[in-house]
Amino acid sequence: MLEPGGTAAEVIDVPISALEHYSYCPRQCALIHVEQTFDENQFTIRGRIAHERVDSGEERTTRGVRALRGIPLWSEQYGLIGRADVVEFQAGRPVPVEYKVGKRVGAHAELQLCAQALCLEEMLGVPVAIGALYFRQERRRYDIAMDDSLRRRTVETLEAVRDQIRSQALPPAPADARCPNCSLFNACLPSVVARRAAHWRYQVDLFRAVPLPTGPGTGARDRDA
Ligand code: SF4
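Residues numbered from 1 in each chain as written. Predicted model: local features only at pLDDT ≥ 70, side-chain atom pairs only at ≥ 80, totals over all residues. Heavy atoms only, no water.

Visitor: Before we go on, may I ask you to explain the site of the ligand in this structure?
Guide: The ligand sits among C25, Q28, A173, P174, C179, C182, F185, C188 and P190. When grouped by side-chain class, the residues that make up the shell around the ligand number eight nonpolar, one polar and no charged. (Near = heavy atom within 4 Å. Nonpolar A, V, L, I, M, F, W, Y, C, P; charged D, E, K, R; others polar.)

Here's what the structure looks like:
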């Protein structure tokens, strides 16, 4: 990769999971992938247990579909590294399958899935037309088409994450409906940092020097003696 001046720039490998984190909240992505912050909540604990089951390294064939679990993934072209929960081979074509604990919310997981598809295409030299997301709380599997729109959004998000890692920037906290379900709520303190200006004023007021009262009965003479 060449920078504008023509000098070689360091290619930063981006963890595939960072795309989902960034899509959910850029600050969450920076806390995890720039500041290396990690905290557990009910969702991450359930997710970790679910992934430990999936990441068992087994190979299974069910109804003619071969499935490999816990497959390492990478892409030299896109600078991606990560792991697929499961890669199925349907009629010989790879289909990445990502397991999620909760319900389907937004399109965050689609970006992660598409990044897995980009890696598989480069590693295996075959097109990946679909992936699948399985949400345990819904007990439902969604087939996701790896269409041009999803590929474009995935690459745009990947570049945004790479810029964030390169700049080491920590974005402001949106402090909105996403926060109560965020595993980093306690580390982030969104309601505090979102009101940084107000808290700065409290701090200034707290330490402002107050002139001492003078005159009869204030003890000013005794103090000054
Ligand atoms: S608590 Fe809210 S602002 Fe902070 S990282 Fe999570 S979603 Fe983002």
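Visitor: Help me understand the side chain of H108 in this model?
Guide: For H108, the location among the structural elements is in helix α4 (residues 108–124). You can call H108 buried: its relative accessible area is 17%. At a separation of 2.6 Å, a polar atom in the side chain of H108 contacts the side chain of S23. With sequence-adjacent residues up to four places away left out, H108 is seen in contact with E20, S23 and Y24. (Helix = DSSP H or I, 4+ residues; strand = E, 2+ residues; numbered from the N terminus. Buried < 20%, exposed > 50% of the residue type's maximum accessible area, 1.4 Å probe, protein only. Polar contact = N/O pair within 3.5 Å; in protein donor to acceptor, adjacent residues only side chain to side chain. Contact = heavy atoms within 4.5 Å.)

Visitor: Where do I start with the pattern of salt bridges in this structure?
Guide: Any two side chains of opposite charge can pair if their charged atoms end up close together. Tallied over the full model, the rule gives eleven salt bridges. K100 is the partner of E98 in a salt bridge, and the nearest nitrogen-oxygen pair spans 3.4 Å. The pair formed by E98 and K100 is uniform in burial state, with each residue classed as buried. Its salt-bridge partner being D163, residue R166 comes within 3.8 Å of it at the nearest N-O pair. Placement of the pair is R166 and D163 together in helix α5 (residues 148–167), with a separation of three residues, close to one helical turn. (Salt bridge = Lys/Arg side-chain N within 4 Å of Asp/Glu carboxyl O.)

Visitor: Even after reading the chapter, I still don't get the pairing of strand β2 (residues 59–62), so can you show me in this structure?
Guide: Every regular strand shows the same layout, with side chains that alternate between the two sheet faces. Pairing between β2 and strand β3 (residues 65–75): four bridges, direction antiparallel. Note that in β3 the partner of R60 across the bridge is A67. The turn linking β2 back onto β3 is made up of two residues, and R63 within it adopts a positive phi angle of 45°. (Pairing = 2+ DSSP bridges.)

Visitor: Teacher, can you tell me more about the state of the cysteines here?
Guide: Covalent bonding between the sulfur atoms of two cysteines defines a disulfide. Within this structure, the stated rule accounts for zero disulfides. With no disulfide of its own, C29 lies closest to C25 among cysteine sulfurs, the gap being 9.0 Å. With a relative accessible area of 0%, C29 lands in the buried category. (Disulfide = S-S within 2.5 Å.)

Visitor: Please clarify how the nonpolar core should be interpreted in this entry.
Guide: Nonpolar side chains in soluble globular proteins generally cluster together in the buried interior. The biggest cluster of nonpolar side chains holds 31 residues, and the ones touching the most others in it are V14, L19, L73, L80, I144 and M146. For this core, the elements supplying multiple residues, two or more each, are α1 (17–24), β3, β4 (80–90), α4, β6 (130–135), β7 (140–145) and α5. Per-element accounting of this core gives the leading share, eight residues, to α4. Ranked by size, the runner-up nonpolar core spans eight residues in total, among them Y24, I32, A173 and C182. (Core = buried A, V, L, I, M, F, W, Y, C linked by side-chain atoms within 4.5 Å.)

Visitor: Honestly, α1 in this entry has me stumped. Any pointers?
Guide: Note: α-helices contain 3.6 residues per turn, so residues at a spacing of three or four share the same orientation. Within α1, burial applies to A18, L19, E20, H21 and Y24. Looking at the buried positions of α1, the neighbouring elements they touch are β1 (14–15), α2 (26–33), β4, β5 (93–100), α4 and α5.

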